[in-house]
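# Fold and contact review
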Amino acid sequence: MTDLVLDAPAQSAPPEADDGVWLECIACGEQFAPFDAVRYTCDDCDGLLEARYADHPTFDDFSGEGVWRYAAALPFAEDEIGADADGGAESGGAWYSLPEGHTPLHEVPRLREEVGVNRLRVKHEGMNPTGSFKDRGMTVGVRVARELGVGRLACASTGNTSAALAAYGARAGMETLVLLPAGKVAAGKVAQASLHGARILEVDGNFDDCLDIVQELATDGEAYLLNSLNPFRLEGQKTIGFEILERFHADYGTYPDRVVLPVGNAGNTAALFKAFRELVAAGELTPDQVPALTGVQAEGAAPMVEAIEDGADEVRRWLDVETRATAIRIGNPVNAPKALPGIRETGGTAVAVSDDEITDAQRALAGEGVGVEPASAASVAGLRKLRDAGEIAADEDVVCLTTGHLLKDPDAAFAAGDDPEPVANSTEAVLDLLE
Ligand code: F0G
């Protein structure tokens, strides 16, 4: 099914390889030592950077649980950088891990039956310590930040990144700054950033405007940027792909045909593609076993879908974006140059869904006991839509990624669920109502 053009991570040793790890520009191929300087994009052409490795581990090389189970596929081992006296392998990674990853791959039998696919599992990233997949990237990113000796950590955020940054920054004893689009971030996320002690600035603009500002601050050396432009964060998020494939294979002796996921900045899409490519390079997976990456956006914020539908090489920045799924209210997906090839080369696609379709999917997941925030439910809404259109076949094995927990956005949950009913203080009155 897939037509994977394997742009194999470089096999030649780079000039300044540090323990077989380096950063490489995906646009011009320029290589950089990973930890010698703060760097988010290519010095030469400003292209996106990606961590590259001389060796690629197989599943047999992994041990332990969670993100650090995959240390052999990360830029440093558990007992390497940053593992100083107050943290590290021996003391349980005290200052950089909460711990994260090892999230459930739920069975959802009623939903599977309704959608009509061979197998359907839901990878619930809302079960991470701060309630979203962002924790996977932060445990790696914050550790690199300490290695680089930076002062203040910063991000722009639709909410979840800010919650994770605040928590991991607090854990590491570092100062954190978050820029949020005013009035457009769900209550649970602002509450987290606030209590974990981030300095919160609410910008009169959207997420993309916030990111523009944080990038300028980072360029000026005012802060270390921990948005998904940061290549080390995506290394942590790559472990979602490893976990899905390992678990699916353990359960069924096969790999899923497709992974469906919500798309905002397209960091996860890029990270999963990288996980799959590295497993192919390791000989763990054949190119035709690579799952088709299928991205879902809200209709009011769907620049990636537009680019896939138009066959465009570049994504057009949408200036006005709106959706109930505020986590993916994003008009300028910065990881598009990594993610568009991910969708295309794995034989995937992208689809836009309405806010009502998102809420319906949120209810359907809740009906299976899986509580997610609206953006997460976009994956299931997209699966339903593509299945109805015949673009996903009945014999496929599918994994939907749900990225954030229900409690992140209590207002959306109340709006999607049934209202509480007032009742008088007596058993009789309760029984009357239950009649
Ligand atoms: N789902 C949730 C719950 C998110 O919070 C995000 C991104 C996405 C999906 C999209 O993931 O960017 O990798 O395509 N939230 C960011 C934030 C932007 O600031 O919390 P992506």
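Refer to the structure presented above.
Residues numbered from 1 in each chain as written. Predicted model: local features only at pLDDT ≥ 70, side-chain atom pairs only at ≥ 80, totals over all residues. Heavy atoms only, no water.

## Some words on the site of the ligand
Close contacts around the ligand come from 20 residues, with Ser157, Thr161, Gly264, Asn265 and Thr403 the closest. Ser157 places a side-chain nitrogen or oxygen 2.7 Å from an oxygen atom of the ligand. With respect to the ligand, the backbone of Ala266 contributes an N or O atom lying 2.8 Å from an oxygen atom. For the ligand, whose free accessible area comes to 480 Å², the fraction covered by protein is 99%. Taken together, the elements giving at least two residues each to the shell around the ligand come down to helix 3 (160–172) and helix 7 (267–281). When the residues that make up the shell around the ligand are grouped by side-chain class, the tally is seven nonpolar, eleven polar and two charged. (Near = heavy atom within 4 Å. Polar contact = N/O pair within 3.5 Å; in protein donor to acceptor, adjacent residues only side chain to side chain. Areas by Shrake-Rupley, 256 points an atom, 1.4 Å probe, with all protein chains shown as cover. Helix = DSSP H or I, 4+ residues; strand = E, 2+ residues; numbered from the N terminus. Nonpolar A, V, L, I, M, F, W, Y, C, P; charged D, E, K, R; others polar.)

## Some thoughts on the sheet that holds strand 13 (residues 397–402)
As summarised here, the arrangement of the six strands in space is 4-5-13-10-11-12, forming an open sheet in which the pairing is mixed. The strands lining the two open edges of the sheet, one partner per strand, are strand 4 (105–107) and strand 12 (349–353). Each adjacent strand pair in this sheet contributes to an overall mean axis angle of 25°, direction not counted. With three bridges connecting them, strand 4 and strand 5 (residues 119–124) associate as antiparallel partners. Bridged to Leu105 within strand 5 is Lys123. (Pairing = 2+ DSSP bridges. Axes fitted to C-alpha atoms, helices over the stretch in contact; angles between N-to-C directions.)

## Considerations on the packing of helix 10 (residues 355–366) against helix 11 (residues 374–388)
Orientation of helix 10 relative to helix 11, taken along the N-to-C sense of each, is 100°, at an axis distance of 7 Å. What the angle tells us is that helix 10 and helix 11 run roughly perpendicular. Of helix 11, the residues touching helix 10 (which contributes Glu357, Ile358, Asp360, Ala361, Gln362, Ala364 and Leu365) are Pro374, Ala377, Ala378, Val380, Ala381, Arg384 and Lys385. Of the residues belonging to the contact of helix 10 with helix 11, the class tally is nine nonpolar, one polar and four charged. (Parallel < 35°, antiparallel > 145°, perpendicular 65-115°, else oblique. Contact = heavy atoms within 4.5 Å.)

Everything listed here is a matter of coordinates, which is why it stays silent on function.
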